[in-house]
Amino acid sequence: MLSKTASQPSHGGASTPAIAPPAEMTLPARNGAEALVRLLAARGVEYIFLNPGSDTAPVQEALVALAAQGVDVPRLRLCPSENVALSAAHGYWLMTGRV
């Protein structure tokens with residue numbers, strides 16, 4: 001659950017509550033892929049269903065680097081194509097109700 005912090009003014013001058021990031025997100029990320037992996041882990045994502053390719057290498061590297069640092073990261077499931085990855089993720093959600 002996200003915690004509320006001090007209010008920030010909005011467009012109409014009214015206050016809206018700011019949302020603080022979870023404690024797991026307070027450590028600086030070295031790059032966008034690491035920030036994405038930390039966010040997914042903080043939100044309780046258990047698996048990443050991934051079709052490996054040149055554009056996914058940073059995510060794979062971030063998973064390995066964070067795991068080596070002892071950070072609890074989602075488990076990687078490599079899939080031979082995008083359709084398989086999507087179907088596997090959808091099937092996992094249908095069977096477990098978890099992400």
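This text goes with the structure placed above it.
Computed from a prediction, not measured in an experiment: that's the story for all the values here. (Residues numbered from 1 in each chain as written. Predicted model: local features only at pLDDT ≥ 70, side-chain atom pairs only at ≥ 80, totals over all residues. Heavy atoms only, no water.)

Draft legend 1. Seen up close, the overall build of the protein. Along its length, the protein carries 3 helices and 4 strands. Along the protein, helices (α) and strands (β) appear in the sequence β-β-α-β-α-β-α when read from the amino end. Counting all 99 residues of the protein, 22% fall into the buried class. Considering only contacts in the protein between residues 6 or more positions apart, those separated by 24 or more positions represent 50%. If you sum the accessible surface of the protein, you get close to 6,900 Å²; carbon and sulfur atoms cover 60% of it. (Helix = DSSP H or I, 4+ residues; strand = E, 2+ residues; numbered from the N terminus. Buried < 20%, exposed > 50% of the residue type's maximum accessible area, 1.4 Å probe, protein only. Contact = heavy atoms within 4.5 Å. Areas by Shrake-Rupley, 256 points an atom, 1.4 Å probe, with all protein chains shown as cover.)

Draft legend 2. Inspection of a nonpolar patch on the surface at higher detail. Nonpolar side chains collect at one region of the surface, where Trp 93, Leu 94, Met 95 and Val 99 lie side by side and expose about 480 Å² of accessible area between them. Looking at where Leu 94 falls in the secondary structure, it is placed in helix α3 (residues 82-96). (Patch = residues over 30% accessible without salt bridge, like charges linked within 9 Å, V, L, I, M, F, W, Y side chains within 5 Å. Salt bridge = Lys/Arg side-chain N within 4 Å of Asp/Glu carboxyl O.)

Draft legend 3. Region of the structure containing the environment of Asn 51. The residue Asn 51 is located in the loop between β3 (47-50) and α2 (57-68) in this model. In sequence terms Asn 51 and Leu 78 are 27 residues apart; their C-alpha atoms lie 5.8 Å from each other. Here Asn 51 is in contact with Thr 56, Cys 79, Pro 80, Ser 81, Glu 82 and Ala 85, once residues within four sequence places are set aside. Here the side chain of Asn 51 touches Glu 82 through a polar contact of 3.2 Å, side chain to side chain. (Polar contact = N/O pair within 3.5 Å; in protein donor to acceptor, adjacent residues only side chain to side chain.)

Draft legend 4. Main features of the packing of helix α1 (residues 32-42) against α2. Between α1 and α2, whose axes approach to 8 Å, the crossing angle comes to 65°. Between α1 and α2 lies a crossing whose hand is right-handed. Between α1 and α2, the residues in contact are Ala 33, Glu 34, Leu 36, Val 37 and Arg 38 and Pro 58, Val 59, Ala 62, Leu 63 and Leu 66, respectively. A breakdown of the residues in the contact of α1 with α2 according to their chemical character gives 8 nonpolar, no polar and 2 charged. (Axes fitted to C-alpha atoms, helices over the stretch in contact; angles between N-to-C directions. Left-handed = near helix turned anticlockwise from the far one by under 90°. Nonpolar A, V, L, I, M, F, W, Y, C, P; charged D, E, K, R; others polar.)

Draft legend 5. Geometry of the pairing of strand β4 (residues 75-78). Relative to β4, β3 runs parallel, the two being bridged by 4 bridges. When the bridges of β4 are listed, Leu 50 appears paired with Leu 78. Each parallel crossover has a hand, and for β3 linked through α2 to β4 it is right-handed. (Pairing = 2+ DSSP bridges. Right-handed = clockwise from strand over helix to strand, strands pointing away.)

Draft legend 6. Quick look at the nonpolar core. Ala 33, Val 37, Ile 48, Leu 50, Val 59, Ala 62, Leu 63, Leu 66 and Val 73 form the largest nonpolar core, which has 9 residues in total. Taken together, the elements giving at least two residues each to this core come down to α1, β3 and α2. The leading source of residues in this core is α2, at 4 residues. With residues up to four places along the chain from it excluded, the contact list for Ala 33 reads Pro 58, Val 59 and Ala 62. (Core = buried A, V, L, I, M, F, W, Y, C linked by side-chain atoms within 4.5 Å.)

Draft legend 7. Up close: the environment of Leu 39. Its location among the elements puts Leu 39 in helix α1. Linking Leu 39 and Val 73, residues 34 residues apart in sequence, is a C-alpha distance of 9.6 Å.

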